[in-house]
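Each chain, written out:
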Amino acid sequence: MELLFLGTGAGNGVPVFYCDCPVCVEAHASAQFRRTRCSVLIAGANNYLIDAPPEISSQLLREKIKRIDGLFLTHSHHDHVSGLGDLEIYAKFHLKGRIPAFMSRDTMEQLEQSHGSMAEWLDITIIEPEQPLCLSGFSITGLRVSHSPGTFGFLMANKSFKVAYIPDTGPLPDQTKAILKEIDRLILDATFYGENWYPNQHHTVQQAIDVGCELNVKKLYLTHLSMHYSEQVTNQRLEREIAKYDGRVNLAYDGLRMTLSGI
Ligand SMILES: [Zn+2]
Ligand SMILES: [Zn+2]
């Protein structure tokens, strides 16, 4: 099993169409520094997608993924659900059936307001926080975070690994911190660099690193990276800054594949 990072950018993506800053110049020059909006695929006997960002179709094409067996949603913000229309076409035209989908009740209700009923093509199961759902070979659990109402992070676990994916969160609730202590991999929101414009809903790079250190996780991966806002930071500068953590702090990037079995 592996976790495939389809996208690792915050709401704006990198490069941004309206910007010529050093971060965007770096991304224009080298494809490895481009960040599409956040999504990961749990790839194993089945393919489970977490979130459907606006680039979902091009992300799946890029990685040659032809099958989605289930969909998990962290929350209903634009950068995580704007690609649902592409999955609707997949369900109706190719599967000719419904995609199993898992989300909080808040997320479902918010989506019903923006998208109308999706019952025709999504087979929705409401999940409660901290209630593990058993899938083939591993379990997945919704984790409480601080973001919009009903937002989840997800913990994937079995006997050989414990990995948490939390792309959007501010300060983590205590019950979630208790679950994340000393886990193998924590993939965490690091939206801002320097100043935090939304301190209750997102982390800065440094705040994310502090959380990883506090929880003593084996490896921290920063995702939902903007590289923009008050201060622009290039990937090359960030890589130099995190080098002092000797590999315990890493930048996620589009196309990264993280082996899950036997970490
Ligand atoms: Zn820029
Ligand atoms: Zn987001």
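Residues numbered from 1 in each chain as written. Chains lettered and ligands numbered in written order. Predicted model: local features only at pLDDT ≥ 70, side-chain atom pairs only at ≥ 80, totals over all residues. Heavy atoms only, no water.

Visitor: Whenever I open this one, the coordination of the zinc ion (ligand 2) confuses me. Can you help?
Guide: Reference values for angles at a metal are 109.5 degrees in the four-donor tetrahedral case and 90 or 180 degrees in the six-donor octahedral case. In this structure, Asp79 (OD), His80 (NE2), Asp168 (OD) and His224 (NE2) serve as the protein donors to the zinc ion (ligand 2), at separations of 2.1 to 2.3 Å. Classification of the site at the zinc ion (ligand 2) as irregular follows from its four donor atoms and the range of 84 to 158 degrees in their angles at the metal. All donors to the zinc ion (ligand 2) come from one chain, and their sequence spacing reads D-H-x87-D-x55-H. Residue His80 is classed as buried on the basis of its relative accessible area of 0%. (Donors = N, O, S within 2.8 Å, 3.2 Å for Na, K, Ca; no water. Tetrahedral: all angles 85-135°; square planar, octahedral: opposite > 155°, others 65-115°. Buried < 20%, exposed > 50% of the residue type's maximum accessible area, 1.4 Å probe, protein only.)

Visitor: Would you take a moment to explain the coordination of the zinc ion (ligand 1) for this structure?
Guide: Note on the zinc ion (ligand 1): its protein donors are Cys19 (SG), Cys21 (SG), Cys24 (SG) and His228 (NE2). The metal-donor distances range over 2.1 to 2.3 Å. In this structure, the zinc ion (ligand 1) is surrounded by four donor atoms whose angles at the metal cover 94 to 118 degrees, and the resulting shape is tetrahedral. Mapping the donors of the zinc ion (ligand 1) onto the primary sequence yields the spacing C-x1-C-x2-C-x203-H. Separated by 207 residues along the polypeptide, Cys21 in the loop between strand E1 (2–7) and helix H1 (22–29) and His228 in the loop between strand E12 (219–223) and helix H8 (235–242) bring together distant segments of the chain. (Helix = DSSP H or I, 4+ residues; strand = E, 2+ residues; numbered from the N terminus.)

Visitor: I keep staring at unusual backbone geometry and nothing clicks. Help me out?
Guide: Excluding glycine, residues mostly have negative phi values, and the peptide bonds linking residues are mostly trans. The omega torsion of the bond from Val14 to Pro15 falls at 0 degrees, within 30 degrees of zero and hence cis. When you line up the elements, Pro15 lands in the loop between E1 and H1. Even without being glycine, Asp246 reaches a positive phi, approximately 50 degrees. Among the secondary structure elements, Asp246 is positioned in the loop between H8 and strand E13 (249–251). Of the residues examined, Asp246 reaches a relative accessible area of 69% and is grouped as exposed.

Visitor: I'm lost on the pattern of salt bridges in this one. Help?
Guide: When charged atoms on two side chains of opposite charge get close, those side chains can pair. Under the defined criterion, the tally for this structure stands at 14 salt bridges. We note a salt bridge from Glu2 to Arg257, for which the minimum N-O separation is 2.4 Å. With a gap of 255 residues between them, Glu2 in strand E1 and Arg257 in strand E14 (residues 257–259) connect regions that are remote in the sequence. Exposure remark for Arg257: the relative accessible area of 42% places this residue in the partly exposed category. Between Arg98 and Asp123 there is a salt bridge, with its nearest N and O atoms 3.6 Å apart. Taken together, the residues Arg98 in the loop between helix H4 (84–95) and strand E5 (99–103) and Asp123 in strand E6 (residues 122–126) connect sequence positions 25 residues apart. Here Arg98 falls in the partly exposed class, since its relative accessible area comes to 43%. By relative accessible area, which is 34% here, Asp123 ends up partly exposed. The network of salt bridges with common partners includes Glu2, Arg62, Glu63, Asp254 and Arg257. (Salt bridge = Lys/Arg side-chain N within 4 Å of Asp/Glu carboxyl O.)

Visitor: Got a minute to help me understand the packing of aromatic side chains in this structure?
Guide: Centre distance and the angle of the planes are the two values used to describe a pair of aromatic rings. Counted under the stated rule, the structure contains 10 aromatic pairs. Measuring from centroid to centroid gives 6.0 Å for Phe152 and Phe154, while their planes differ by 70 degrees, and the two rings are edge-to-face. Assessed through its relative accessible area of 4%, Phe152 is described here as buried. Judged by relative accessible area, Phe154 falls into the buried class, the value being 0%. (Phe/Tyr/Trp six-rings, centres within 6.5 Å; stacked < 30°, edge-to-face > 60°.)

Visitor: I tried to follow the sheet that holds strand E3 (residues 47–50) on my own but got confused; where do I start?
Guide: For sheets, the rule is that strands pair by backbone hydrogen bonds, running either parallel or antiparallel. One open sheet holds the seven strands; their spatial order is E6-E5-E4-E3-E2-E1-E14, and the pairing between them is mixed. In this open sheet, the two strands that pair with only one neighbour each are E6 and E14. On average, each strand axis in the sheet is inclined to that of its neighbour by 20 degrees, with strand direction left out of account. Pairing of strand E4 (residues 70–72) with E5, which is carried by two bridges, proceeds in the parallel orientation. Following the sheet pairing, Leu71 is matched in E5 by Ala101. Strands E3, E4 and E5 of the sheet are contacted by H4, whose axis makes an angle of about 150 degrees with E5. (Pairing = 2+ DSSP bridges. Axes fitted to C-alpha atoms, helices over the stretch in contact; angles between N-to-C directions. Contact = heavy atoms within 4.5 Å.)

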